[in-house]
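Read off the chains here:
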Amino acid sequence: LEGIFKSGQLSFYPLAGHMEPLLPPLRHPLMCYDNPDIYKYYLKAERLLDLSFLVHDFGALCRKLQPDSRIVLIDMGASLQFHDSYSKTLPAVYLTEIFRKFGMPFDHIYAYEITPTEPETMVRSIPEHLRAAYHWVNVGVDPDPESINNPLNLI
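The numbering scheme is per chain: residues are counted from 1 as the chain's sequence reads. At least 70 in pLDDT is required for a residue's local features to be given in this predicted model, at least 80 for side-chain atom pairs to be given and counted, and no such filter applies to totals for whole chains, interfaces and linings, which use all residues. The basis for the side-chain values is all heavy atoms of the structure; hydrogens and waters are excluded.

A. Representation of the nonpolar core within the structure. Here the nonpolar core consists of buried residues drawn from Ala, Val, Leu, Ile, Met, Phe, Trp, Tyr and Cys, with membership extended through side-chain atoms lying within 4.5 Å. The classification of residues rests on relative accessible area computed with a 1.4 Å probe and restricted to protein chains. Under 20% of the type maximum is buried, over 50% is exposed, and intermediate values are partly exposed. Ranked by size, the top nonpolar core spans 19 residues in total, and within it Phe 106, Ile 109, Met 122, Ile 126, Tyr 134 and Trp 136 carry the most contacts. Numbering of helices and strands starts at the N terminus; helices are DSSP runs of H or I of at least 4 residues and strands are runs of E of at least 2. Elements with a minimum of two residues in this core: α5 (91–101), β4 (108–112) and β5 (134–137). In this structure Met 122 touches Leu 80, Thr 117, Tyr 134 and Trp 136, once residues within four positions along its chain are discounted. Note on contacts: a residue pair qualifies if any of its non-hydrogen atoms lie within 4.5 Å across the two residues.

Right, here's the structure in full:
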């Protein structure tokens, strides 16, 4: 990947390989185009939650997996209402599907969302094959290391 991204655009972590920082809702390269010739093909609203540009170093991740490894996703802002208005697929579901295609299904998905949501609404939004791994936490994330609402205390 270093040969492709020579400008240092990707972060590297020895335990996980190359990665794109996961704060992508407004980072798609085509999100900001104002050129009318390009804009007609890439509407800004369609790119708002488009994660297709993210780079995943599955080779490095696979080499680090052990028989007792667990793959965990923490979604800190799992609003169903916000995502439903822009995308048919929740970003967390999109990411889990990519990892699943490469043989790395998530063991746990912790979805934190401060907006009150009816359990039935949430359950209908999650694909059936993810429901056993999906943990809906309908509270805001707390950065306090001692808080029960700090997701890092779960892992």
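B. Broad picture of the packing of aromatic side chains. A pair of Phe, Tyr and Trp rings is counted when the ring centres sit within 6.5 Å of each other, with Trp represented by its six-membered ring. The angle between the planes then sorts it: under 30 degrees is stacked, over 60 is edge-to-face, the rest tilted. Inspection of every chain in the model, using the stated rule, returns three aromatic pairs. Taken together, a centroid distance of 4.1 Å and an interplanar angle of 10 degrees make the contact between Phe 58 and Phe 102 stacked. Placement of the pair is Phe 58 in helix α3 (residues 58–64) and Phe 102 in the loop between α5 and β4, with a sequence separation of 44 residues. Since its relative accessible area comes to 9%, Phe 58 is described here as buried. Taken together, a centroid distance of 5.1 Å and an interplanar angle of 55 degrees make the contact between Phe 99 and Phe 106 tilted. Both residues of the pair, Phe 99 and Phe 106, belong to the buried class. Through a chain of ring-to-ring contacts, the aromatic side chains of Phe 58, Phe 99, Phe 102 and Phe 106 assemble into a single cluster.

C. A look at the pattern of salt bridges. Within this document, salt bridges are pairs made up of a side-chain nitrogen of Lys or Arg and a carboxyl oxygen of Asp or Glu, the two lying within 4 Å of each other. Overall, the coordinates contain two salt bridges when judged by the stated rule. For Glu 97, the salt bridge goes to Arg 100, with nearest N and O atoms at 3.4 Å. Taken together, the residues Glu 97 and Arg 100, both in helix α5 and three residues apart, mark about one turn of the helix. For Glu 97, a relative accessible area of 23% translates into the label partly exposed. Between Glu 120 and Arg 124 there is a salt bridge, with the nearest N and O atoms lying 3.1 Å from each other. Taken together, the residues span about one helical turn, with Glu 120 and Arg 124 both in helix α6 (residues 119–125) at a distance of four residues. Arg 124 matches Glu 120 in its accessibility class, with the two residues each being exposed.

Geometric values such as these leave the question of function open.
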